[in-house]
Amino acid sequence: SYMGYVPRSHLDMEEASPLLGRGGQGLGRRKVASLVFLACAVTAVVLLGTLAPRRTSELVSLDAASDSADGIPAEMASAMDRTVDPCENFYTYSCGGWDSKASIPDDHTSWLKAWDVPAEDVQDQLHSLMETDQGVVGTYFKSCMDEKAVAALGTTPLKPWLAKIEEVKDMRSLTTFLAFLGEYDNGAFFGWSVAGDSHDPDKRALHLSPGGTTLPDRKYYLSNELEYLEHRAVEKGVISGLLVTAGVSAEQAATDAFNVIAIETRTAELKQTREEGRASVGKYVTREELKAMEPAFYWDDFFAALSLDDVGMEGGSPIVLHDDQFFAHGLTSLLENPNPQMAHLASLAGASGTQGLEYVAFDRSKGDRSFDPEDAQVLQSYLRYTIVSTFVPFLPEAEFADVMKPMMADLYGLKQRPERKNKCIHSTSSAMGGHVSKAYVEKYFAEENRVAAEKMLESIRGEFKKDLETLPWMDDATRGKAVHKLSAMNFEVGYPSKWPEWCVLGELSEKEFLENYVATEKCRVTKELSKLKEKVDRREWSSSVTTINAYYSQKVNGLFIPAAVLNKPFFSPSYSSARNFGSIGAILGHEMTHGFDDQGRKFDATGERRKWWDSKTEEKFDERAKCISDQYSGYTLNDKPVSGELTLGEDIADGGGVKMAYKAWHNEGPPRTAEEKRLFFLSFGQTWCGIEREEASETMLFDVHAPRKWRVLGTLANNEDFAQAYNCPVGSVLNPGPEKRCSLW
């Protein structure tokens with residue numbers, strides 16, 4: 001992907017590479033309780049950041065009144081800070097004016113010029129569609145908007161779900177309950193999904209991954225620095241508050257909160273780091289091997305309950321483990337020792353602040369190797385949280401919203417919750433993205449934008465092909481296969497070339513929002529599980545076309561460019577070619593380059609993960625990639641280091657995208673003027689103008705994308721065409737010289 005911040009698992013990274021992490025959606029991710037809560041608690045950050053109510057004070061017009069003397073459109077010129085030397089800090093040169101004038105809406109964690117501002121139009125269009133729709137889309141939307149009906153039901157819909165948790169007494173009953181949750185696209189302790197099979201691109205596999213955590217990163221649980229202890233204290237208070245509001249006694253809710261944090265801490269201990277996860281390869285195991293690795297869980301019962309009788313068996317779909325460290329008896333250890341400090345819970349009654357939240361490493365060699373009633377009680381705590389946090393968005397907002405405010409403010413600096421209308425637009429789009437996408441395309445999408453983008457893609461592909469054919473460090477055999485992969489790359493632009501068949505939802509009710517959600521989730525699971533028996537559709541989309549983003553999928557070797565991103569300020573028929581190529585062209589080139597980044601290059605033209613590079617060429621690639629990784633590891637955000645190892649794939653894609661887009665633009669028309677060349681790079685730079693809240697800045701370091709400033713400066717420091725366009729002297733920040741410049745694609 002091309003953009004922002006959504007924490008993604010290794011599974012998501014291997015499956016697809018979205019341009020913007022903040023708005024990106026991974027493929028087939030099964031919800032685990034803590035991740036669901038995160039989605040609820042930071043809705044305005046992750047989900048509604050692009051669906052905010054229309055404002056006036058925060059907006060900067062996208063319409064240029066007139067061009068400046070040097071050919072820069074007025075709207076672009078007003079965003080600049082010309083007092084800054086472009087060769088020293090091109091980000092501030094491009095964005096300083098806009099950043100200094102922009103302000104962040106109270107329900108946002110950041111405000112980005114190219115992403116949040118145009119999303120206002122998408123917001124209005126989707127609202128109009130949903131409000132007037134006479135089918136399932138309109139029914140679902142109206143059920144969300146009817147707050148009186150939601151309030152009248154109160155927490156009553158939760159009661160049968162919470163009561164069912166009491167049935168969990170031993171490992172077999174836990175297995176039964178988790179299978180029950182799985183029928184509704186939910187889960188706990190581990191996640192599962194149906195996604196592509198890296199060994200056979202025409203088929204799918206069942207993927208298992210570790211459970212999630214409420215807080216953004218494992219370090220929030222494993223550090224005893226005061227700031228992280230305080231984050232855990234806020235989480236404890238929010239968990240307890242949610243459970244009490246849902247009808248759990250205050251005493252039980254306090255115990256549950258400690259147990260939930262204990263389980264999430266154990267999970268954080270067992271999981272790989274983000275860097276390890278990004279570099280790891282899914283481990284294929286048989287059913288018997290999985291049972292040997294995690295013997296406590298009743299896997300046969302679990303798979304049978306989900307009608308997955310042949311999964312992991314001869315002739316059936318394979319099982320793929322993501323994080324074999326977690327699944328090397330780690331899940332069993334977690335379930336048998338969910339809270340090693342359980343004996344001290346009684347003494348923590350009435351504890352306040354950070355008391356009882358200190359991290360103590362668990363010694364697995366001394367752990368209990370059995371499952372007893374006390375363990376069941378701890379797991380019940382977590383399951384109560386799973387149910388309540390999953391359903392919070394569908395319960396009375398007046399009762400639950402204030403409970404979540406402390407965490408929203410603590411982690412992201414949010415000051416208010418989004419308008420109800422915006423929450424309902426997101427919920428409807430998430431529940432039935434296909435229906436919404438088709439309606440959006442039919443009413444709002446300009447077909448000529450799709451044609452123009454396809455033409456640009458072919459032009460960029462042509463330049464990439466030239467680059468592959470002339471790279472001095474690549475051997476001829478690998479070169480031929482790489483050119484073949486590039487030629488075989490699928491382009492899905494604007495909307496699906498074939499609209500899929502969606503779930504048959506049956507009757508929805510305008511008065512039962514939560515039940516509508518449950519029905520759509522159950523339908524989604526049934527549809528996804530059926531795909532294990534179907535041949536992969538290589539042109540199948542994993543996101544809505546209303547997403548302002550783009551992504552590349554390794555397992556189908558395909559680019560997917562949603563309709564919503566093919567619009568201002570990324571693209572317009574009224575823009576100059578330099579402006580279009582500098583923005584949407586760089587986006588298209590970015591996604592294409594993902595096919596050849598440090599992970600994408602391991603998949604061949606068909607999407608099979610195998611070794612197809614010559615070993616010596618592979619070493620030369622790794623040398624060049626390390627240069628980029630080291631470069632970005634030298635950058636900081638608020639005095640904290642960027643992880644060049646984590647951001648490497650996106651950094652490679654940024655560099656290749658700008659380079660190929662520039663060459664495609666430069667070579668396709670008449671000789672380009674110096675002003676046009678500078679406009680191309682200015683258009684790229686202004687793609688990343690924006691400001692964010694101080695509280696949320698650390699979460700940017702957990703993203704596979706580098707912070708926005710470094711996406712501009714790091715990319716251009718390696719771009720010789722930029723240095724020439726701005727006459728940057730050798731030795732300046734953005735022209736370090738050929739011997740210091742990192743060069744890959």
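Nothing here was measured: the structure is a model prediction, and the numbers come from that model. Sequence order sets the numbering: in each chain, residues are counted from 1 along the sequence as written. Given that the model is predicted, a residue must reach a pLDDT of at least 70 before its local features are reported, and side-chain atom pairs must reach 80 or more before they are shown or counted; all residues, however, enter totals for whole chains, interfaces and linings. With hydrogens and water stripped out, all remaining heavy atoms of the structure feed into the side-chain values.

## So, the side chain of Ser-583
The line we're drawing: What counts as a helix is a DSSP run of H or I of at least four residues, what counts as a strand is a run of E of at least two, and both are numbered from the N terminus. Residue exposure (1.4 Å probe, protein chains only): buried if accessible area is under 20% of the type maximum, exposed if over 50%, otherwise partly exposed. By definition in these notes, contact holds between two residues if any of their heavy atoms fall within 4.5 Å.
Relative to the elements of secondary structure, Ser-583 occurs in helix α25 (residues 577-593). Here Ser-583 falls in the buried class, since its relative accessible area comes to 3%. Sequence-distant contacts of Ser-583, defined by excluding residues within four places in its chain, comprise Pro-569, Phe-570, Ser-683 and Thr-687.

## So, the side chain of His-207
Threshold: The term polar contact refers here to a pair of N or O atoms within 3.5 Å; inside protein, the definition further demands a hydrogen-donor-capable atom paired with an acceptor-capable atom, and it admits residues adjacent in sequence only when both atoms are side-chain atoms.
The residue His-207 is located in strand β4 (residues 200-210) in this model. What makes His-207 buried here is its relative accessible area of 1%. From its side chain, His-207 meets the backbone oxygen of Gly-196 in a polar contact 2.9 Å long.

## Overview of the sheet that holds strand β3 (residues 190-197)
Applied cut-off: Two strands make a pair as long as DSSP finds a minimum of two bridges between them. The convention used is that axes are lines fitted to C-alpha atoms, helices contributing only their stretch in contact, and that angles between N-to-C directions extend from 0 to 180 degrees.
Taking strand neighbours across the sheet as the criterion, the four strands line up as β3-β4-β6-β5 in an open arrangement whose pairing is mixed. Only two strands of the sheet have a single partner each, and these edge strands are β3 and β5 (283-285). Taken over all neighbouring pairs, the strand axes of this sheet differ in orientation by 35° on average, direction set aside. Of the pairings in the sheet, the one linking β5 to strand β6 (residues 319-321) comprises three bridges and is antiparallel in character. The residue of β6 that forms the bridge with Lys-283 is Leu-321.

## Details of the state of the cysteines
Let me state the cut-off plainly: Note on terminology: disulfide denotes any pair of cysteine sulfur atoms within 2.5 Å.
Scanning the entire structure with this criterion turns up four disulfides. The residue that forms a disulfide with Cys-95 is Cys-689, at a sulfur-sulfur distance of 2.1 Å. For the disulfide bridge between Cys-95 and Cys-689, the dihedral angle about the S-S bond is near -80°, and by the sign convention the bridge is left-handed. Pair noted here: Cys-95 is in helix α5 (residues 90-101) and Cys-689 is in the loop between α28 (674-686) and β12 (690-692), with a separation of 594 residues, a long-range link. For the pair Cys-95 and Cys-689, one class covers both residues: buried. Each disulfide pairs two cysteine sulfurs, and for Cys-144 the partner residue is Cys-424, the sulfurs being separated by 2.0 Å. Disulfide Cys-144-Cys-424: the torsion about the S-S bond is -80°, which places it as left-handed. With a gap of 280 residues between them, Cys-144 in helix α7 (residues 136-145) and Cys-424 in helix α20 (residues 420-431) connect regions that are remote in the sequence.

## Let's talk about the confidence of the model for the protein chain
Stated precisely, the cut-off is as follows: Scored from 0 to 100, pLDDT reflects the predictor's confidence in each residue.
This prediction gives the protein chain a mean pLDDT of 89; 90% of its residues lie at or above 70. Below a pLDDT of 50 lies the segment residues 4-14, which in the model reaches 51 contacts outside its immediate sequence neighbourhood of four places, other chains included. In this model residues 22-66 is a low-confidence stretch, pLDDT under 50, and it forms 147 contacts with partners more than four residues away in sequence or in other chains.

## Focus: the pattern of salt bridges
Note the following rule: Salt bridge criterion: a side-chain nitrogen from Lys or Arg within 4 Å of a carboxyl oxygen from Asp or Glu.
On inspection of all chains with the given rule, the structure shows 44 salt bridges. Across the salt bridge formed by Asp-402 and Lys-405, the nearest N and O atoms sit 3.3 Å from each other. Taken as a pair, Asp-402 and Lys-405 lie in helix α19 (residues 397-412) at a separation of three residues, close to a single helical turn. Shared partners join several salt bridges into a network, and the residues in it are Arg-204, Glu-528, Lys-531 and Glu-540.

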